[in-house]
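Tertiary structure, described
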Amino acid sequence: AVFWFGDSFADTGNAQAASPFISAAEYLPYGMTHFGKPSNRYSDGRLVTDFFAQAFRHKSSPGPILQSLNSNYEHGIVFAVSGATALNTSYVVPFYLPVQLGFIFPSLPDRKTKLPRKLRSVLHVVVVGTNDIFGAYIRKLMDPGNVTVVIVPQVVQAISHAIQTLSDSGASQILVLNSFPHGCMPLILSVFGDLPKDSRGCLSPLNEVAEAFNRSLYKLVQDLSSKLKNTLLLYADAFKFTLDVMDRPTDFGTNETKTSACCGTGGAYNFNSTKLCGKDFQPESTTLKPSEFVSWDGIHFTEAFYEHLSKALLTGKYLDPPLDFS
């Protein structure tokens, strides 16, 4: 079983359960590729959550905790909520990382709280921090240098606390994903497009922030690995994987390296923050080719990207240490 903590990368319906009729993922063309209808996932189809469940031969994908409050968790559960942050700084989503942990541990300050024995072998996955960094750029109007100095250490510290809480509770395996290259995302490109770009067309200063975050996160995982003797910590390099897909798309079954969104309304990056895919407009699914894109809606990834990422992680290629789950 797998427990998922974080944001929209893993959310299979918590955002919708918390705020129905607000989530864009409740509308077509979200869900078009696999489900044929909206599935409350921020993608055209399945997420890494779903592909891991399939690889581990679970009968179904793990359900969202806000729709599964009486679950016994034996087949996994999703605590992740779209828009969630590591820090208590969200203006919209109150389910920041400690709150998600609190769903398992109602007495979170009590570090003696233990997982039931049968759940200690569960793989715990933590992927969070992107919304903290985006919020610093867009809501707090912080420049990349200040985000690196002020926000990154706070986010890494919050993740450190989460890892130690899970380990102290008896968790035997924790997988932590690093940051994706923010400077390649259509949302960020459309807002900060005047910043210097690299050879891929991505924004160099913002990717440098992601790299700084990743260096700090990697050091954290290495340091905690030497201290938490009963917990295997795995570091997943989603940043490198994403750039590899952009640099060598044919190796991953796609012919495109576009930094534009699949579902959008035009412009240089096919993204318009005032007219978002799904809620604001619903193009015919026959006009879309998500398998040719990295980005689905300018913010989130396509099912094709998630499928390739899942395979890469499950075989250990982008993991440190390189554990093969397959």
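A quick note: this is a predicted structure, and the numbers were derived from the prediction, not measured.

**Digging into the side chain of S179**
Tracing the backbone shows S179 in the loop between β5 (173-177) and α6 (186-191). Residue S179 is classed as buried on the basis of its relative accessible area of 4%. For S179, the side chain forms a polar contact with the side chain of H182, separated by 2.7 Å. Those residues in contact with S179 that sit more than four places away from it in its chain are T130, A210, F213, N214, A238 and F239.

**Comments concerning the side chain of N14**
Assignment of secondary structure puts N14 in helix α1 (residues 14-18). With a relative accessible area of 0%, N14 lands in the buried category. Of note is the side chain of N14, whose polar atom sits 2.9 Å from the backbone nitrogen of L66. Once residues within four sequence positions are removed from consideration, N14 is found in contact with P64, I65, L66, V78, F79, A80 and V81.

**What about the confidence of the model for the protein chain?**
Of all residues in the protein chain, 92% have pLDDT values of 70 or greater, and the mean over the chain is 92. In this model, residues 107-111 is a region of pLDDT below 50 whose contacts with residues beyond four sequence positions or in other chains number eight contacts.

Calculation notes
Residues numbered from 1 in each chain as written. Predicted model: local features only at pLDDT ≥ 70, side-chain atom pairs only at ≥ 80, totals over all residues. Heavy atoms only, no water. Helix = DSSP H or I, 4+ residues; strand = E, 2+ residues; numbered from the N terminus. Buried < 20%, exposed > 50% of the residue type's maximum accessible area, 1.4 Å probe, protein only. Polar contact = N/O pair within 3.5 Å; in protein donor to acceptor, adjacent residues only side chain to side chain. Contact = heavy atoms within 4.5 Å. pLDDT = per-residue confidence, 0-100.

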